[in-house]
Amino acid sequence: TSPPPAVPQDIILVSRAALYWDTFDTNPIGSRMTLVQEQGASCNAGYQASGHGRSGLVYLEVPAPYRVCALLVQEVTLPNTGSIFVAFTALIEEEGTRDRPGLFGAILSWGTSLTHYYSGGFDKVDSSPSSGNIFVRVRTPTTTATSPRAYGVNWRTWYNGVLALDYILPNVPSTLAFHADGVYTDRSLAPHERLTPNYVGLSIYKLTAPKWMRAYFDSMLVTVGERPWIVRVESLQPGWRVVLKDSSDNIIDSGIAGLGGVVELNVWGIWIIKNGVIELYDSSGNLLIRKSFPEILGGDVYRVTG
């Protein structure tokens, strides 16, 4: 009996954790995202095709202190169990009349009035260089609680962060955390702080008067159940090497499979790789597969077949 024909090797996407992703190459305001504000905030939102050395930026700005402004994503249904991650890249402006310190980051909100929400990000506490914190913040109609950790925040500097919400049961969130580069802060949620958010977005919160506060955002990725800074490749032979590249053939990360046959590739701060490439090499360094994808996202899981 003839043996079955050999199956060509391939790399396939087996699961995608992303609910929403956006590099803001086109203006999302009014189509993919909606501007909302706390009462009395008088927020503005805008879009720039380029700025601060990057392309495709949205911004939020507010003149009144102690008010929240947000761009909420439209038509995304958030789960009420598991883990929700919101990754973003952002900076706070210091130019002209837009130079007030404040909080900027991600938000998970119950409703659009911004009276019930979770937020997390970077806190520029004053005008001195490299002053600030990373934080998570819980807002209910009766209480506001913030859990900070010291972290230097400069003007006009790009920062990457991830807001994470973990549920212990359906509709029962347990922990709110914010991850920056190598550090994190978290908060165990008390019963009165537990809410089930139905909107996700980007937000700012101004601290001082009288000038405006403005923050820019360059990208955003929302995942469920998988960390947005990891791309996983499975079903490898021990010793095989996986290389992840961008569309210009620059190496983003690589790894060698162990006995478990898995490689985890780090895409921290990149989040979304358009026209990305995955290469697979055997233990002798021979190229087995090179495959491009329209987009490779943090949280993706790929498998080698054949």
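Residues numbered from 1 in each chain as written. Predicted model: local features only at pLDDT ≥ 70, side-chain atom pairs only at ≥ 80, totals over all residues. Heavy atoms only, no water.

Draft legend 1. Seen up close, the sheet that holds strand β15 (residues 199–206). Across the sheet, which stays open at both edges, the seven strands sit in the order β3-β6-β15-β8-β9-β10-β11 with antiparallel pairing between neighbours. Edge strands, defined here as strands with exactly one partner in the open sheet, are β3 (33–37) and β11 (144–150). Strand-to-strand twist of the sheet, defined as the mean angle between neighbouring strand axes without regard to direction, takes the value 20 degrees. Note that β3 and strand β6 (residues 68–73) share five bridges and pair antiparallel. Residue pairing for β6: T34 is matched across the bridge by L72. (Pairing = 2+ DSSP bridges. Helix = DSSP H or I, 4+ residues; strand = E, 2+ residues; numbered from the N terminus. Axes fitted to C-alpha atoms, helices over the stretch in contact; angles between N-to-C directions.)

Draft legend 2. Quick look at the state of the cysteines. Using the criterion set out here, one finds one disulfide in the structure. The disulfide bridge from C43 ends at C69, spanning 1.7 Å between sulfur atoms. Judged by the sign of its S-S torsion, about -80 degrees, the cystine formed by C43 and C69 is left-handed. Here C43 is found in the loop between β3 and β4 (44–51), whereas its partner C69 is found in strand β6, with 26 residues between them in sequence. Each member of the pair C43 and C69 is classed as buried. (Disulfide = S-S within 2.5 Å. Buried < 20%, exposed > 50% of the residue type's maximum accessible area, 1.4 Å probe, protein only.)

Draft legend 3. Up close: empty space enclosed by the protein. Tallied over the entire structure, the rule returns one cavity of 30 Å³ or more. Around the largest cavity, the lining is made up of 14 residues, and of these L103, S119, F135, S203 and Y205 lie nearest the centre. Contributing elements (two or more residues each) for the lining of the largest cavity: β8 (102–109), β9 (117–123), β10 (133–139) and β15. Here the lining of the largest cavity gets five residues from one element, more than from any other, and that element is β8. (1 Å grid on protein atoms, 1.4 Å probe; cavity = no way out; pocket = protein on both sides within 12 Å on 5 of 7 lines; lining within 4 Å. Points joined across faces, edges and corners; volume = space filled by probe spheres on them.)

Draft legend 4. Molecular detail of the pattern of salt bridges. By the definition in use, this model includes 21 salt bridges. Of the charged contacts in the structure, one is a salt bridge between R214 and E61, with a shortest N-O distance of 2.9 Å. Separated by 153 residues along the polypeptide, R214 in strand β16 (residues 213–224) and E61 in strand β5 (residues 54–62) bring together distant segments of the chain. You'll find R214 and E61 in the same group, each marked buried. D249 is the salt-bridge partner of R290, the closest N and O atoms lying 3.1 Å from each other. Here the residue R290 occupies a position in strand β22 (residues 287–297), and D249 occupies one in the loop between β18 (241–245) and β19 (251–256), the gap between them amounting to 41 residues. (Salt bridge = Lys/Arg side-chain N within 4 Å of Asp/Glu carboxyl O.)

Draft legend 5. Region of interest: unusual backbone geometry. A cis amide bond links A209 to the next residue, P210, at an omega of 0 degrees. Structurally, P210 is set in the loop between β15 and β16. Here S130, not a glycine, exhibits a phi torsion of approximately 50 degrees, which is positive. Looking at the element boundaries, S130 is found in the loop between β9 and β10.

Draft legend 6. Structural context of the packing of aromatic side chains. Using the criterion set out here, one finds 14 aromatic pairs in the structure. Between W229 and W268, the aromatic rings sit 5.6 Å apart at their centres with planes inclined by 65 degrees, giving edge-to-face as the arrangement. One end of the pair, W229, is in the loop between β16 and β17 (230–234); the other, W268, is in the loop between β20 (263–266) and β21 (272–281), and 39 residues separate them in sequence. An aromatic cluster is defined as three or more aromatic residues linked by ring pairs; in this entry it consists of F88, F104, F122, Y151, Y159, F178 and F217. Directly above the aromatic system of Y205 lies the positively charged group of R137, at a separation of 4.3 Å from the ring centroid. (Phe/Tyr/Trp six-rings, centres within 6.5 Å; stacked < 30°, edge-to-face > 60°. Lys NZ or Arg CZ within 6 Å of the ring centre and 35° of its normal.)

Draft legend 7. Representation of the nonpolar core within the structure. Core analysis: the biggest nonpolar cluster contains 46 residues, and V86, F104, L108, F122, I204, F217 and M220 have the highest contact counts within it. Not counting chain neighbours up to four residues away, the residues in contact with I204 comprise L60, E61, V62, R67, V68, C69, L103, F104, M213, A215 and F217. (Core = buried A, V, L, I, M, F, W, Y, C linked by side-chain atoms within 4.5 Å. Contact = heavy atoms within 4.5 Å.)

Draft legend 8. Inspection of the sheet that holds strand β1 (residues 10–15) at higher detail. Ordered in space as β1-β23-β17-β20, the four strands form an open sheet in which the pairing is mixed. One side of each edge strand has no neighbouring strand; the edge strands of this open sheet are β1 and β20. Strand-to-strand twist across the sheet, computed as the mean angle between neighbouring axes with direction ignored, equals 25 degrees. Looking at chain direction, β17 and strand β23 (residues 301–305) are connected through three bridges and run parallel. Across the sheet, the residue bridging to E234 is R303, located in β23.

Draft legend 9. Molecular detail of the pairing of β5. Judged by how many residues are buried, β5 sits mostly within the fold: seven of nine residues are covered. Strand direction decides the pairing type here: β4 and β5, joined by seven bridges, are antiparallel. Bridging from a neighbouring strand, S50 pairs with S55 of β5. Hairpin connection between β4 and β5: a loop of two residues separates the two successive antiparallel strands, and H52 in this loop has a positive phi of roughly 55 degrees. Across five bridges, the pairing between β5 and β16 is antiparallel. By the bridge assignment for β16, Y59 is matched with Y216.

The values reported here are purely geometric and, on their own, carry no functional implication.
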